[in-house]
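# Chain and residue survey
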Amino acid sequence: MRRTENPNMFRLLFRSVFWLSVLVILILGGFSGWAVMRETHTREELAPEGGMKIQVNDVELFIQAGGSGNGPIVILVHGMAAWSETWPTTMDALVENGYRVIAVDMPPFGFSERPWDRSYWREAQGRRLVALTTALNLEKPIIVAHSYGSRGALEAVMTRPELFKGIVLVDPALDEIYAGSSQTLPYAADLALSYEPLRYGLTALIM
């Protein structure tokens, strides 16, 4: 006996897929709108008073500094989805103990400029930290880095060890660091992030 297809099942499946697609579009549209609405001012208008911009290689880095004199220098490097305001308590404690402190916004977070080529890998971040150290003529600073910020910090210290006195890693995220190409995103990820509503939606979720 020949089996017949159930048209009701196909209609139910079609409706389910249709309404699921509508729901996904509405969610992404909402997140996208949220992200766009928050981008209504320039970096200069929103950046905290007292900070400063330093040109390093390909971008302008925004930094906040504390302390004075000839005390030891500490560069504070934040982790994923954070910025220089991660460190106010740490900065205050270090300044009270005679340190000079520089907290830096590492792209793409905070008020630093985003590079045109979206290079956020440890090599690029390491070069920026080296360039920041030389641009400010910092004498043997100690780098303190948290989470994913540890990757660029470690790269800077390992490639130019003569510039730094030491490095402190706080809960470092160093997994999956290996030799080989790390300069490009996987094709699927790059294609997905090239779609503006999805990119805005993901930005709104993590920022």
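Remember, it's a predicted structure, so these values are computed and weren't measured experimentally. (Residues numbered from 1 in each chain as written. Predicted model: local features only at pLDDT ≥ 70, side-chain atom pairs only at ≥ 80, totals over all residues. Heavy atoms only, no water.)

### Digging into the pairing of strand 5 (residues 142-146)
A large share of strand 5 lies buried, amounting to four of its five residues. Two elements, strand 3 (residues 73-77) and strand 5, share four bridges in a ladder whose sense is parallel. Paired with V74 across the two strands is I142, which belongs to strand 5. Pairing analysis gives five bridges linking strand 5 to strand 6 (residues 166-170), with the strands arranged parallel. If you follow H146 over to strand 6, its bridge partner there is V170. With respect to chirality, the unit in which strand 5 leads through helix 5 (residues 149-159) into the neighbouring parallel strand 6 is right-handed. (Buried < 20%, exposed > 50% of the residue type's maximum accessible area, 1.4 Å probe, protein only. Helix = DSSP H or I, 4+ residues; strand = E, 2+ residues; numbered from the N terminus. Pairing = 2+ DSSP bridges. Right-handed = clockwise from strand over helix to strand, strands pointing away.)

### Points about the nonpolar core
Residues V56, V77, V104, L129, L132, I143 and F164 are the most contacted members of the largest nonpolar core, which totals 23 residues. Every residue in contact with V77, bar those within four places of it in the chain, is listed here: W87, V104, M106, L129, I143, V144, A145, H146 and G149. In terms of nonpolar packing, the next biggest core, distinct from the first, is built from eight residues, M91, L94, V101 and V144 among them. (Core = buried A, V, L, I, M, F, W, Y, C linked by side-chain atoms within 4.5 Å. Contact = heavy atoms within 4.5 Å.)

### Points about the packing of helix 4 (residues 122-135) against helix 5
The geometry of helix 4 relative to helix 5 is characterised by a closest axis approach of 7 Å and an angle of 65 degrees between their N-to-C directions. The way helix 4 lies across helix 5 gives a crossing that is right-handed. For the pair formed by helix 4 and helix 5, the contact residues are R122, E123, Q125, G126, L129 and V130 on the first element and R151, G152, A153, E155, A156 and T159 on the second. Residue classes in the contact of helix 4 with helix 5 are distributed as four nonpolar, four polar and four charged. (Axes fitted to C-alpha atoms, helices over the stretch in contact; angles between N-to-C directions. Left-handed = near helix turned anticlockwise from the far one by under 90°. Nonpolar A, V, L, I, M, F, W, Y, C, P; charged D, E, K, R; others polar.)

### Observations regarding the sheet that holds strand 4 (residues 100-104)
The strands that make up a sheet are held in pairs by hydrogen bonds between backbone atoms, and each pair lies either parallel or antiparallel. The strand order 1-2-4-3-5-6 describes an open sheet built from six strands, whose pairing is mixed. The open sheet has two free edges, formed respectively by strand 1 (52-56) and strand 6, since each of these has just one partner strand. Adjacent strand axes in the sheet meet at a mean angle of 25 degrees, parallel and antiparallel pairs treated alike. Strands strand 1, strand 2 (59-66), strand 3 and strand 4 of the sheet are contacted by helix 4, whose axis makes an angle of about 110 degrees with strand 1.

### A word on the environment of L163
With respect to the element layout, L163 can be found in the loop between helix 5 and strand 6. Each C-alpha atom, one on L163 and one on P141, is 7.5 Å from the other, the two residues being 22 residues apart in sequence. Each residue touching L163, except ones within four places of it in the same chain, is listed here: V130, T133, T134, K140 and P141.

### With respect to the packing of aromatic side chains
Per the stated rule, a full pass over the model turns up two aromatic pairs. Ring plane angle 65 degrees and centroid distance 5.9 Å describe the contact between F62 and F111, whose orientation is recorded as edge-to-face. On the criterion of sequence distance, the pair formed by F62 in strand 2 and F111 in the loop between strand 4 and helix 4 is long-range, its members being 49 residues apart. The class of F62 is buried, set by a relative accessible area of 4%. (Phe/Tyr/Trp six-rings, centres within 6.5 Å; stacked < 30°, edge-to-face > 60°.)

### Observations concerning unusual backbone geometry
Across the junction of P107 and P108, the peptide omega takes the value 10 degrees, indicating a cis bond. As for its position among the elements, P108 is in the loop between strand 4 and helix 4. The residue N57 is not glycine, and still its phi comes out positive at about 50 degrees. Considering the arrangement of structural elements, one finds N57 in the loop between strand 1 and strand 2. Assessed through its relative accessible area of 54%, N57 is described here as exposed. Within the chain, K140 stands out as a residue other than glycine whose phi angle is a positive 50 degrees. For K140, the location among the structural elements is in the loop between helix 4 and strand 5.

Interpretation note: all reported values are geometric properties and have no functional meaning in isolation.
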